[in-house]
Amino acid sequence: MNHMSIWKYANPKLFLQTSERVLPALWGLAFACLAIGLVWGFFLTPDAERFQSTVKIIYLHVPSALMAINAWIMMLVASVIWIVRRHHVSALAARAAAPVGAVMTLIALVTGAIWGQPMWGTWWAWDPRLTSFLILFLFYLGYIALWEAIDNPDTAADLTGVLCLVGSVFALLSRYAVNFWNQGLHQGASLSLDEKENVHDVFYFPLLVCIAGFVLLFIALVLYRTGTEIRARRIKALMARERAGA
């Protein structure tokens with residue numbers, strides 16, 4: 001029963017009806033978490049002993065970096081569903097998520113540079129994690145461009161699905177690069193089960209609120225953009241029928 005209840009949302013009409021019901025709550029929760037987390041983090045936490053005030057960039061850098069990677073993983077899952085089950089909503093969801101993921105990756109790169117300059121004395125270094133993140137950003141751009149370049153939506157979904165599979169290697173490298181290579185300037189994970197690596201509680205809790213805000217914002221944006229893609233596809237289909245009838 002649960003198995004069938006998941007796949008029923010492959011119906012575009014039901015997907016649109018459901019997303020329209022949940023989106024207002026998602027927008028509200030996302031902006032509430034972001035407002036609370038960012039105000040709490042930037043204005044109500046002390047400077048760090050080692051990083052001084054630059055530590056507060058984590059409230060943008062860490063959530064955006066997490067979402068950059070997880071957005072690609074979400075696209076991978078949606079692409080696999082399309083390839084295996086041929087559900088158009090999943091292909092359109094993957095397409096809808098790509099620009100959001102690209103923006104998240106860009107935010108992570110820019111905030112990383114802002115944080116890195118006073119820490120490392122340089123805006124950029126060919127560090128394993130930084131390099132893999134840059135490559136992931138280029139994969140996002142390539143994915144978006146491939147969708148735009150192919151007129152047939154099914155063919156575009158097939159080819160972008162393959163590209164998504166290949167790009168997943170760099171999504172994983174972006175997450176685990178520090179573990180694979182010991183060299184590099186980038187520090188270890190800010191969120192860790194190891195108390196020595198994990199950030200102090202005074203920074204940890206507002207960071208969790210910011211991450212929740214970014215996750216909710218991502219879900220809301222993807223639902224909204226997927227609905228837009230479904231409507232655009234319907235309009236194209238209607239226009240094609242009118243041209244055929246004429």
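Our subject is the structure listed above.
First, a word on what this report is: a plain description of the structure on this page. All residue numbers here refer to positions counted from 1 along the written sequence of the relevant chain. Two thresholds apply to this predicted model, a pLDDT of at least 70 for residue-level local features and 80 or more for giving and counting side-chain atom pairs, whereas whole-chain, interface and lining totals are computed over all residues. Each side-chain value is worked out from all heavy atoms of the structure, with water and hydrogens disregarded.

Bringing the overall build of the protein chain into the picture now. Assigned secondary structure in the protein chain consists of seven helices and zero strands. Here a strand is any run of E in DSSP of at least two residues, a helix any run of H or I of at least four, and the numbering for each starts at the N terminus. From first element to last, N terminus to C terminus, the protein chain shows the α and β order α-α-α-α-α-α-α. Out of the 246 residues belonging to the protein chain, those deemed buried represent 42%. We call a residue buried when its accessible area falls under 20% of the maximum for its residue type, exposed when it is over 50%, and partly exposed in between, using a 1.4 Å probe and counting protein chains only.

Turning our eyes to something else, we now look at the environment of G37. Take G37: it is sitting in helix α2 (residues 12-43). Sequence separation of G37 and P206 is 169 residues, and the distance between their C-alpha atoms is 5.0 Å. Here a residue-residue contact requires only that any non-hydrogen atoms of the pair lie within 4.5 Å. Beyond its immediate sequence surroundings of up to four residues, G37 is in contact with P206, V209 and C210.

For patch detection, residues must exceed 30% relative accessible area and be free of salt bridges, and they are connected within 9 Å for like charges or within 5 Å for nonpolar side chains (Val, Leu, Ile, Met, Phe, Trp, Tyr). Residue burial considers only the protein chains on display, and all accessible areas are found by Shrake-Rupley using a 1.4 Å probe. Counted as salt bridges are all cases of a side-chain nitrogen of Lys or Arg within 4 Å of a carboxyl oxygen of Asp or Glu. A contiguous nonpolar patch, built from I36, V39, W40, F43, L44, F205 and L208 and spanning about 720 Å² of accessible area, is present on the exposed surface. Listing elements by their share of the nonpolar patch, those giving two or more residues are α2 and α7 (201-245). In terms of residues, the nonpolar patch owes the most to one element, α2, which gives four residues. Its location among the elements puts L44 in the loop between α2 and α3 (58-85).

In this section: the layout of surface pockets. Space inside and on the surface of the protein is sampled on a 1 Å grid over the protein atoms alone, with a cavity defined as a set of points where a 1.4 Å probe fits but cannot get out and a pocket as an open set with protein on both sides within 12 Å along at least 5 of 7 lines; lining residues have an atom within 4 Å of a point. Grid points are joined across faces, edges and corners, and a volume is the space filled by probe spheres set on the points. A volume near 520 Å³ is recorded for the largest pocket. I6, Y9, F15, V89 and A93 are, among the 20 residues lining the largest pocket, the residues nearest its centre. Residue assignment for the lining of the largest pocket shows that the elements contributing at least two residues are α1 (2-7), α2, α3, α4 (88-120) and α7. Each residue is assigned to one class: nonpolar for Ala, Val, Leu, Ile, Met, Phe, Trp, Tyr, Cys and Pro, charged for Asp, Glu, Lys and Arg, and polar for all the others, Gly among them. For the lining of the largest pocket, the residue count by class is 15 nonpolar, five polar and no charged.

Attention shifts here to unusual backbone geometry. Residue R86 is not a glycine yet carries a positive backbone phi of 60 degrees. With respect to the secondary-structure elements, R86 resides in the loop between α3 and α4.

This brings us to the pattern of salt bridges. Where charged atoms from two side chains of opposite charge come close, those side chains can pair. If you walk through the whole model with that rule in mind, you get six salt bridges. Among the ionic pairs, D158 bridges to R86, the shortest N-O distance being 2.9 Å. One end of the pair, D158, is in helix α6 (residues 153-180); the other, R86, is in the loop between α3 and α4, with 72 residues separating them in the sequence. Among the ionic pairs, R233 bridges to D154, the shortest N-O distance being 3.4 Å. Linking R233 in helix α7 with D154 in helix α6, this pair joins segments that are 79 residues apart in sequence. A relative accessible area of 28% means that R233 is categorised as partly exposed. Assessed through its relative accessible area of 28%, D154 is described here as partly exposed.

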